[in-house]
Amino acid sequence: MLPARNRMRRSTEFDATLKYGVRTAQPDVVVHVRRDSDGGTGPRVGLIIAKPVGSAVERHRVARRLRHVARTMLDDLDRRDRVVIRALPSSRLASSAGLEQQLRRGLRRAFQSAGTDR
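Keep in mind the model is a prediction, meaning the values are calculated, not measured.

1. Points about the side chain of threonine 24
- Position of threonine 24 relative to the elements: it lies in strand β1 (residues 22-25).
- Residue threonine 24 is classed as buried on the basis of its relative accessible area of 9%.
- Engagement of the side chain of threonine 24 in a polar contact is seen with the backbone oxygen of glycine 106, the distance being 3.0 Å.
- Residue contacts for threonine 24: discarding those within four places in its chain leaves Val29, Val30, Val31, Gly106, Arg109 and Ala110.

2. Focus: the sheet that holds β1
- As summarised here, the arrangement of the four strands in space is β1-β2-β4-β3, forming an open sheet in which the pairing is mixed. With one partner strand each, in any of the chains shown, β1 and β3 (44-48) form the two edges of the open sheet. Pairwise comparison of adjacent strand axes, ignoring direction, gives a mean angle of 15 degrees for this sheet.
- One ladder, built from five bridges, connects β3 with strand β4 (residues 81-87); its direction is parallel. Bridged to leucine 47 within β4 is isoleucine 85.
- Contacting β1, β2 (29-35) and β4, helix α3 (residues 96-114) crosses the sheet at an angle of about 40 degrees to β2.

3. A short note on the nonpolar core
- Val83, Ile85, Leu103 and Leu107 are the most contacted members of the largest nonpolar core, which has 22 residues in total.
- For this core, the secondary structure elements donating two or more residues are β2, α2 (56-72), β4 and α3.
- The dominant element in this core, judged by the number of residues it contributes, is α3, at five residues.
- Filtering out sequence-adjacent residues up to four positions away, valine 83 remains in contact with Met8, Val31, His32, Val33, Arg44, Val45, Gly46, Leu77 and Leu107.

Cut-offs applied
Residues numbered from 1 in each chain as written. Predicted model: local features only at pLDDT ≥ 70, side-chain atom pairs only at ≥ 80, totals over all residues. Heavy atoms only, no water. Helix = DSSP H or I, 4+ residues; strand = E, 2+ residues; numbered from the N terminus. Buried < 20%, exposed > 50% of the residue type's maximum accessible area, 1.4 Å probe, protein only. Polar contact = N/O pair within 3.5 Å; in protein donor to acceptor, adjacent residues only side chain to side chain. Contact = heavy atoms within 4.5 Å. Pairing = 2+ DSSP bridges. Axes fitted to C-alpha atoms, helices over the stretch in contact; angles between N-to-C directions. Core = buried A, V, L, I, M, F, W, Y, C linked by side-chain atoms within 4.5 Å.

Structural measurements only, silent on function.
Spelled out as structure tokens, the structure:
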């Protein structure tokens, strides 16, 4: 589970990350990354798990796995980073290890595209 201080809750944070962040697509997830200009309180991670992913049970299962994977990466992120992970319908069939690999690859590519160091 993600600590409360690292969860994105406000729609304005989601909107800014999606609109102004760097987007990288993977087979099962799309990763949006934005680095705030102000000194953040810690990296924040948000999830988007839409109905095409599956039933409520399947969406919650995907969300739990993505939160667990994202928690392992918090130490690799800068305190100003904002990350939104959008689950694609195929994510319900992916393993946790596969999701972690895709998320790491997506973050690495996004930071390279943005020209920022992790």
